[in-house]
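If you want the building blocks of each chain, they are given just below.
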Amino acid sequence: MAFPHLQQPSFLLASLKADSINKPFAQRCQDLVKVIEDFPAKELHAIFPWLVESIFGSLDGVLLGWNLRCLQGRVSPVEYSLVMEFLDPGGPMMKLVYKLQAEDYKFDFPVSYLPGPVKASIQERVLPDSPLYHNKVQFPPAGGLGLNLALNPFEYYMFFFALSLITQKPLPGALHVRTSDCAYFILVDRYLSWFLPTEGSVLPPLSSSPGGPSPSPAPRTPAMPFASYGLHHTSLLKRHISHQTSVNADPASHEIWRSETLLQVFVEMWLHHYSLEMYQKMQSPHAKESFTPTEEHVLVVRLLIKHLHAFSNSLKPEQVSPSAHSHATSPLEEFKRAAIPRFVQQKLYLFLQHCFGHWPLDASFRAVLEMWLSYLQPWRYAPDKQSQSSDGQARCVSERWAPFVQENLLMYTKLFVGFLSRALRTDLVSPKNALMVFRVAKVFAQPNLAEMIQKGEQLFLEPELVIPHRQHRLFAAPTFPGSFLSSWPPAVTDTSFKVKSHVYSLEGQDCKYTPMFGPEVRTLVLRLAQLITQAKQTAKSISDQCGESTAGRPFLSWLGFFSDTNSSYPANDLDDMGQDSVRKTDEYLEKALEYLCQMFRLSEAQLAQLTLALGTTQDENGKKQLPDCIVGEDGLILTPLGRYQIINGLRRFDIEYQGDSELQPIRSYEIASLVRFLFRLSSTINHRFAGQMAALCSRADFLGSFCRYHLMEPGLASRHLLSPVGQGRTANRVRGPRLSLRFLGSYRTLLSLLLAFFVASLFCIGPLPCALLLVLGYFLYAAAMTLLTEPGKPHQL
């Protein structure tokens, strides 16, 4: 498409909109590249909002855009390649952003689409704490609707990019798309690597024209002063929006303003959905959830955390040392130090707290778990990251990480308690749930980590001898000059101050801290150890029962003449995955128990005592005991522990079918209409020939035994009644002889017969001779079974 060089902006926008409907995707991308190169910023700024929305979709989720969250290279290689090239941080779209940035254009972004706490704060005319929103709130004109943010092109682009993860709902067919293969996930990784580099410095913006000078894309009002890095930017007094002031930053900070903006946008859009006040309200069981993250959302946040650890840990050793702060350091180095504590820590903590408390109790929690564990282990992403020793044991966590552990104490302790409460409510027989317990126990059992956490707790619980209680609020806002710290008494060290500041800023001034290695948490760990022991025994029982049922089936069961309808255990993913799954479950639980014992110094005597207290010992026959019950007037009554044991598959009542075998519910392996027809047919035969069948079965010769083998159904003499209380009592009702044809309604029986006829046809045996041979063969088998079995024993059809 050829455009006149001096085209009206309105006509340019109209032409692009028409092309988006009529032209193929590849041609549209080529046209956009040409437009970006040929047109000046004055004309491009009119198409910029439409172009951003057409790529990332509308904020209300109605327009899908390019559907980056479902676009994969192996499914749509051509479209994927074009999109990645166009949206690359060094590609045409970012070139357009820098072109507009140089001219200081502003674009309105509606406040109504911001995360809940930010939107509520701005609507109440209170300025949010994040510097991202400073000097950007625009009041509506007379008669206008809603508040807006005045964003520069880079901010506007990143706002849409980050929010598309939340606002855009994936298509129904995208439920099985692997997140890490999608264009959106890979673009996030590219933007992080470009703007938060682990090596070197941030690359300068692209030139607006070939061979021309690079425009200066820095915003007129930088985001924040570097003097505030590393300090909590909260204030005791709320700042009103009308008091927005310009920030005069060091000009050197211009080189990383894009890095700072990108990180703030990602954190605000992905994590800032819960404030401290909202989090405290959510502790109520009647609270209504305001925002529910998806598994894809969590995976993207984990990618951000992993990259931030690598970014922060890329400081050289001499830059990390305390003496380095006294020398001149570049803005990028300061930003690396401040990125996690200044921008991420509080919002991530509230995000994780919500996930731990509200995520479904299923295997999808693994995504949240791995995100949490990634944050807890920054040493995994350091240049000199630790590896396992030659004997397979994890290396000791270095003391250089003690400040991180102490300044993130709640991330370790409070969330560990939250995980314990979840683990105590899950089915640990499931391999996926057992794996999650194993992963957490393995991470926390790393040598020296538990000692670091204990040291952090001691620092927090250190007595405050001369500090009045009313001054606790100072911990939440340590924005005072360094001379203020020198006035503190020697009893409170600088490290202790940091730990207290961390806890009070995340949990509020009146928080009640529960030590991770205190008696309350130790009790929860002991309960988890009990459940792990029970789950191991249950998995073994399931495995043994499956083995016994397989070995005990008669020969004809393999041809479909027998089915077990009295299994004691319900369906479980162990049944789907087989013996290998049982072995994995046992390994995970065994190692998890070992790690917990190491962390909390549990002795074998304590575990044995707790196991006996729960009654998990096996009876003389090696079977599990009944669920925990008490005897009432009407029989056994389940206790809360017994209900928990049944729900989680830890114990079961031995229940068998006690009714008429002909009236059992139709099974999934039976043909419903054929079963009903065979029942009517056999009922008619039994009613008409009842006297003759009774006479034949009463004979004492071989014919009588043969008829009893086929026609007599056993009484309930060998069956227990349903109530466990009456196990000693048995039923004595005996039914007369009757014919049962229900086995002919089974898919397996019919398939076996068809297979027999097919094999016979290979040997040139017709259907009628084949049927006669089958009948003759069965009669010979039945005659042999009649001679071998005791009189009156039924034939299991």
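First things first, this report covers the structure right here in the doc. (Residues numbered from 1 in each chain as written. Predicted model: local features only at pLDDT ≥ 70, side-chain atom pairs only at ≥ 80, totals over all residues. Heavy atoms only, no water.)

Helix and strand counts for the protein come out as 32 helices and five strands. In the protein, which comprises 797 residues, the proportion classed as buried is 47%. Long-range contacts, defined as pairs at least 24 residues apart, comprise 77% of the intrachain contacts of the protein with a sequence gap of at least 6. A total of about 40,100 Å² of accessible surface is found on the protein, and carbon and sulfur atoms cover 58% of it. (Helix = DSSP H or I, 4+ residues; strand = E, 2+ residues; numbered from the N terminus. Buried < 20%, exposed > 50% of the residue type's maximum accessible area, 1.4 Å probe, protein only. Contact = heavy atoms within 4.5 Å. Areas by Shrake-Rupley, 256 points an atom, 1.4 Å probe, with all protein chains shown as cover.)

Of note, F702 is situated in helix α30 (residues 702-711). Put simply, F702 and L787 are 85 residues apart on the chain and 8.3 Å apart in space, counted from C-alpha to C-alpha.

Another aspect to go through is the side chain of R742. You can see R742 is positioned in the loop between α30 and α31 (747-762). Given the relative accessible area of 11%, R742 is considered buried. Discounting chain neighbours no more than four positions away, the residues touching R742 are S661, E662, L663, Q664, P665, I666, R667, E670, V675 and L678.

Looking now at the pattern of salt bridges. The full count for this structure, using the stated rule, is 16 salt bridges. The partner of R366 in a salt bridge is E370, and the shortest N-O contact between them spans 2.8 Å. Linking R366 with E370, this pair stays in helix α15 (residues 365-376), spanning four residues, or about one helical turn. Look at R366 and you get partly exposed, because its relative accessible area is 32%. When the shortest N-O distance is used, the salt bridge between E670 and R742 registers 2.9 Å. (Salt bridge = Lys/Arg side-chain N within 4 Å of Asp/Glu carboxyl O.)

Time to look at helix α4 (residues 48-56). All of the buried residues in α4 are F48, W50, L51, V52, I55 and F56. Positioned one or two residues after α4, G57 has a phi angle of 90°, which is positive.

A few words on the packing of helix α29 (residues 690-697) against α30. Viewed as axis vectors pointing N to C, α29 and α30 meet at an angle of 125°, and their least axial separation amounts to 7 Å. Taken together, the axis directions place α29 and α30 in an arrangement best described as oblique. Counting all contacts with α29, which are made through M693, L696 and C697, the residues of α30 involved are L703, G704, C707, R708 and L711. (Axes fitted to C-alpha atoms, helices over the stretch in contact; angles between N-to-C directions. Parallel < 35°, antiparallel > 145°, perpendicular 65-115°, else oblique.)

Below, the discussion takes up the sheet that holds strand β3 (residues 148-151). If you trace the three strands from one edge of the open sheet to the other, you get β1-β3-β2, paired in antiparallel fashion. What marks the edges here is a single partner per strand, and that holds for β1 (107-110) and β2 (137-138). In the sheet, β2 pairs with β3 via two bridges, with the strands oriented antiparallel. In the strand pairing of β3, V137 is matched with L149. Contacts between helix α8 (residues 153-167) and the sheet are confined to β1 and β3, with β1 contributing the most and set at about 30° to the helix. (Pairing = 2+ DSSP bridges.)

Looking now at the pairing of β3. Strand direction decides the pairing type here: β1 and β3, joined by four bridges, are antiparallel. Bridge pairing in β3 links F107 to L151.

Another aspect to go through is the packing of helix α9 (residues 183-195) against helix α10 (residues 257-271). Following both chains from N to C, one finds α9 and α10 inclined at 140°, their axes separated by 9 Å at the closest point. Our pair here, α9 against α10, has a crossing hand that is left-handed. Touching Y184, V188, Y191, L192, W194 and F195 of α9 are R258, S259, L262, F266 and W270, all from α10. The class makeup of the residues in the contact of α9 with α10 is nine nonpolar, one polar and one charged. (Left-handed = near helix turned anticlockwise from the far one by under 90°. Nonpolar A, V, L, I, M, F, W, Y, C, P; charged D, E, K, R; others polar.)

The next point concerns the side chain of E268. If you trace the backbone, E268 turns up in helix α10. Separated by 2.8 Å, the side chains of E268 and H272 make a polar contact. Residue contacts for E268: discarding those within four places in its chain leaves P115, V118, S130, L132, Y133 and K347. (Polar contact = N/O pair within 3.5 Å; in protein donor to acceptor, adjacent residues only side chain to side chain.)

Before going further, it helps to spend a moment on unusual backbone geometry. Phi is positive for N67, close to 55°, though the residue is something other than glycine. Within the secondary structure layout, N67 lies in the loop between α4 and α5 (77-87). Relative accessible area serves as the criterion here: at 18%, N67 is assigned to the buried category. The phi torsion at N135 lies on the positive side, around 65°, for a residue other than glycine.

Any functional reading would require information that these geometric values do not contain.
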